[in-house]
2 protein chains.
Amino acid sequence: MSWEENVRKVVPYTPGEQPKIKNIIKLNTNENPYPPAPAVAAALKEMDVDDFRKYPDPTCSRLVDAIADFYKVDKSKVFVGVGSDDVLAMAFLTFFNSDKPVLFPDITYSFYDVWAKLFGIPFEQLPLKDDFTIEPSDYYRENGGIVIANPNAPTGIEMDANALEEIIKRNSDVVVIVDEAYVDFGGKSVLPLIDKYDNLLVVQTFSKSRSMAGMRIGYAFGCEKLIKYLSDVKFSFNSYTMNKPSLELGALAIEDEEYFNETRDKIIATRERVKPLLKELGFEFADSKTNFIFAKHSEKSGKEIFTALRERGIIVRRWDAPRISEYLRISIGTDEEMDKLIAALKEILER
Amino acid sequence: MSWEENVRKVVPYTPGEQPKIKNIIKLNTNENPYPPAPAVAAALKEMDVDDFRKYPDPTCSRLVDAIADFYKVDKSKVFVGVGSDDVLAMAFLTFFNSDKPVLFPDITYSFYDVWAKLFGIPFEQLPLKDDFTIEPSDYYRENGGIVIANPNAPTGIEMDANALEEIIKRNSDVVVIVDEAYVDFGGKSVLPLIDKYDNLLVVQTFSKSRSMAGMRIGYAFGCEKLIKYLSDVKFSFNSYTMNKPSLELGALAIEDEEYFNETRDKIIATRERVKPLLKELGFEFADSKTNFIFAKHSEKSGKEIFTALRERGIIVRRWDAPRISEYLRISIGTDEEMDKLIAALKEILER
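Analysis parameters
Residues numbered from 1 in each chain as written. Chains lettered and ligands numbered in written order. Predicted model: local features only at pLDDT ≥ 70, side-chain atom pairs only at ≥ 80, totals over all residues. Heavy atoms only, no water. Disulfide = S-S within 2.5 Å. Helix = DSSP H or I, 4+ residues; strand = E, 2+ residues; numbered from the N terminus. Contact = heavy atoms within 4.5 Å. Buried area = accessible area lost by both parts, 1.4 Å probe. Salt bridge = Lys/Arg side-chain N within 4 Å of Asp/Glu carboxyl O. Buried < 20%, exposed > 50% of the residue type's maximum accessible area, 1.4 Å probe, protein only. Pairing = 2+ DSSP bridges. Axes fitted to C-alpha atoms, helices over the stretch in contact; angles between N-to-C directions. Expected span 1.5 Å × (residues − 1).

### Focus: the state of the cysteines
Counted under the stated rule, the structure contains 0 disulfides over all chains. Cys223 of chain A takes part in no disulfide bond, and the closest cysteine sulfur, belonging to Cys60 of chain A, lies 20 Å away.

### Structural notes on unusual backbone geometry
A cis amide bond, omega 0°, links Ala153 of chain A with the succeeding residue Pro154 of chain A. By secondary structure assignment, the location of Pro154 of chain A is in the loop between strand 5 (145-149) and helix 5 (161-170). Backbone torsion omega between Asn150 of chain B and Pro151 of chain B reads -5°, so that peptide bond is classified as cis. For Pro151 of chain B, the location among the structural elements is in the loop between strand 5 (145-149) and helix 5 (161-170).

### A word on the interface of chain B and chain A
A common way to report how large an interface is uses the accessible area buried once the components associate. Across the boundary between the two partners, chain B contributes 88 residues, which contact 87 residues of chain A. Across the chain B/chain A interface, buried area totals approximately 7,400 Å², and carbon plus sulfur atoms make up 59% of it. If you sort the residues of chain B by the area they bury against chain A, Trp3, Tyr55 and Phe237 of chain B come out on top, with a joint share of 13%. Counting across the chain B and chain A interface gives 2 salt bridges.

### Some thoughts on the pattern of salt bridges
Note that side chains of opposite charge can pair when their charged atoms are close. All names here are of chain A. By the definition in use, this model includes 53 salt bridges over all chains. With its nearest N and O atoms 3.1 Å apart, the salt bridge here joins Glu124 to Arg141. A residue pair is termed long-range when its members are at least 10 positions apart, and Glu124 in strand 4 (residues 123-126) and Arg141 in the loop between strand 4 and strand 5 qualify at 17 residues. The closest approach of N and O atoms between Lys340 and Glu336, which form a salt bridge, is 3.5 Å. With Lys340 and Glu336 both in helix 10 (residues 335-350) and 4 residues apart, the pair spans about one turn of that helix. Take Lys340: its relative accessible area is 46%, and that puts it in the partly exposed class. Where salt bridges share partners, they join Arg271, Glu272, Lys275 and Asp287 into one cluster.

### Considerations on the sheet that holds strand 10 (residues 292-297) of chain B
Residue and element names in this part refer to chain B. The strand order across the open sheet built from 3 strands is 9-10-12, with neighbouring strands paired in antiparallel fashion. Sheet topology places strand 9 (283-284) and strand 12 (327-331) at the edges, where each strand pairs with a single neighbour. As judged from the 2 bridges shared by strand 9 and strand 10, these two strands associate in the antiparallel manner. Bridging from a neighbouring strand, Phe283 pairs with His297 of strand 10. Set on the sheet, helix 8 (residues 257-280) makes contact with strand 9 and strand 10; between it and strand 10 the angle comes to about 0°.

### Observations regarding helix 8 (residues 257-280) of chain A
All names here are of chain A. With 24 residues, helix 8 extends 35 Å between its outermost C-alpha atoms, agreeing within 8% with the 34 Å of an ideal straight helix rising 1.5 Å per residue. Residues of helix 8 that are buried: Tyr259, Phe260, Thr263, Arg264, Ile267, Thr270, Arg271, Val274, Lys275 and Leu278. Of the surrounding elements, those touching the buried residues of helix 8 are helix 1 (38-46), helix 2 (61-71), strand 9 (283-284), strand 10 (292-297) and helix 10. Two residues or fewer after helix 8 comes Gly282, characterised by a positive phi angle close to 100°.

Here it is as structure tokens:
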């Protein structure tokens, strides 16, 4: 017998490319085009390196308190992790231990099925409707848990708030995770519902609206009991997941509400300006409430456009997957970057 | 039915205290008393905050390459994670999927049984001999995997290199993890054996000998195939576990071999100087090859001494656990800190 027989064999998630080439326009991983809040740069220069020799605060109180203050919730209802991926992985491990399948859409964040397979969780992917919206009644059935990204990725479509609440309400016997990675760009958060439904976990991230993808900070809200269960699992996995720079710089980033509003509004304005320009070029897409647009062209294939953009130094994201292979997911960059994108697309489509 | 029925319920690991009080002498979590390598402070001031808006390199190549260079191994044999706890958690999840029990000593790093319980891995804790050494032949039997901390914690005792190799050799059908968190303080690493035994995973950390506990960096070595399996599971859990400061500052810390040798030698010298002083005061302990001493007093109870030290602002570690409740684990601090410890102990023991 070989040790290989007892290895957990998995097909890992493939993250979007992080090319090391300079001067590309990177619109493939929904990063924020603006730098983090100014206090982050200042604090980095002041940070006491001698302090790195000691373990960080395992309770992450500096960061948890800042998040609790910003969202006006009690700190006992806040959980933090190494990006929302870490938070979601811990949540799958903690809450999805039923024999019944966990439910999520067929087109959504492509890590959900990877976590389910990793932990041996049964799951079913429920098809979105042809217009890529979710049919709420699909989720009115026995299940082992539910995960809904809202707004959904990579479609960018937001679900009706009442319909989402109805799903949470009708599934009080399982945990419902609402993944709000993109909610700050015009979506409506279900955060106020955590006091009404003890089965609701709301997950958010610093990677998009707070310009901190490189620092790996995610967080979640839920009733105190739910967060306690999640923390127990986290403390059974790794006591100290957040390093000192994450805790301090993350707290500073969230404390600057003015800068947050300003950069978020700029991204929304750019997105709204770009929408009609893309339509003029023959692109079709649902209304996006995120910092990306998920679009297909009426004539030219997604793959062709993807390749032609890449040749021009512009990287967007595309999946060779059923139903979405003609689509491109285009992150919203600065106005200048988007103008270059539009110019490149004009060139590509007019040939 | 309630969602609570499908929650994974665990009793988490309890980390050593991280008190927020100033001016204490902290000898409870085996942190390094010296700051990280000078290049770390310099790089922190130069770090480009704008870069934080983008995701880090998921392959962690900057850090992996630096570790591979330092240890002169191929980078395909290196794995990195958020502290050695993250590396060990991933390794348990990846390699220990047998119905047979994973074996480790009854007195060892107290996270091993927590991970086993978290993932539902059967395990057996094999009693150390009365002198707290490992009986190698205990591990010559059918099992689902083996974990040995060497030097062991909290005993500080190093196992004979040949005996350890024999365990690895006789268990070629399972993965043997050798946790070398403390190896730099005078122990002998089994790293050279990874080319001889494809079932060996060697785990080390930046938290002790490299003064970077606050940055959360751990790493592991194994044959290419072993590391590939581990990476696949890691990429099924979280694509980006290491943030940008960890990758850059970790690489710089490992590149300064001179500073590493100098601070490590200082800690070893302090430890050797303190040993006879503790013996004079009536403490008994095995020969430590780590940055701590695990000692009990011939007359006074461990709990009493622990409490009396704490009243004097000196924190050491103690477990209310079978066989070791009379012991104190005392981290090696600076010479000045250890002199204050000895003075406090004199006061406590002479009353």
